[in-house]
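# Residue-level structure breakdown
So you can see what is in the structure, the chains are spelled out below.
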Amino acid sequence: MVAVIIDQVISWVWDWWSDPKGKMSEQLRQKLDEMQAAVMNGESQHPGLRESLQQLAKNRSKIRRQAMVIVLSKIQS
């Protein structure tokens, strides 16, 4: 019985001292931050989500302007 208690105390102290969950948690957070940056900003040859959405907005604006010109020219005719 005493051996089990001592074993539990030693295990608890070892886990507290080495902090495996804390280290894994920090590594996971860092990897997730890196992945978020890669998705948002892209990498060397691949544009990120931010650039893709900006390009999409520019294209949409251009098409919208063209459509408005066509509609207004038909109204005036």
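Residues numbered from 1 in each chain as written. Predicted model: local features only at pLDDT ≥ 70, side-chain atom pairs only at ≥ 80, totals over all residues. Heavy atoms only, no water.

## Remarks on helix α2 (residues 20-41)
Going by this rule: Numbering of helices and strands runs from the N terminus; a helix is a DSSP stretch of H or I covering at least four residues, while a strand is a stretch of E covering at least two. Working rule for helices: expected span equals 1.5 Å times residues minus one. Polar contact criterion, stated in full: a pair of N or O atoms within 3.5 Å, where within protein one must be able to donate a hydrogen and the other to accept it, and residues adjacent in sequence count only if both atoms are side-chain atoms.
In a regular helix each residue adds 1.5 Å, so 22 residues correspond to 32 Å; α2 covers 31 Å between its end C-alpha atoms and thus fits that length. Between the side-chain oxygen of the N-cap and the backbone nitrogen of G22 there are 3.2 Å, and the N-cap of α2 in question is D19. Immediately downstream of α2, the backbone of G42 shows phi near 80 degrees, a positive value.

## Describing a nonpolar patch on the surface
Defined as follows: Patches draw on residues past 30% relative accessible area with no salt bridge. Two like charges within 9 Å are joined, as are two nonpolar side chains (Val, Leu, Ile, Met, Phe, Trp, Tyr) within 5 Å. Areas reported as accessible are Shrake-Rupley estimates using a 1.4 Å probe. Residue values count occlusion only from the protein chains shown. Salt bridges are defined by distance alone: a side-chain nitrogen of Lys or Arg within 4 Å of a carboxyl oxygen of Asp or Glu. For every residue, the accessible area obtained with a 1.4 Å probe (protein chains only) is divided by the maximum for its type, and the residue is called buried under 20%, exposed over 50%, and partly exposed between those limits.
On the surface, M1, I5, V9, W12, V13, W14, W16 and W17 cluster together into a nonpolar patch covering about 1,100 Å² of accessible area. Mapped onto the secondary structure, I5 falls in helix α1 (residues 2-18). Taking relative accessible area as the criterion, I5 reaches 49% and is therefore assigned partly exposed.

## Notes on the pattern of salt bridges
Enumeration according to the criterion identifies three salt bridges in this entry. Three or more residues joined by partner-sharing salt bridges are found here, namely E26, R29 and D33.

Don't take any of this as a statement about function, it's just geometry.
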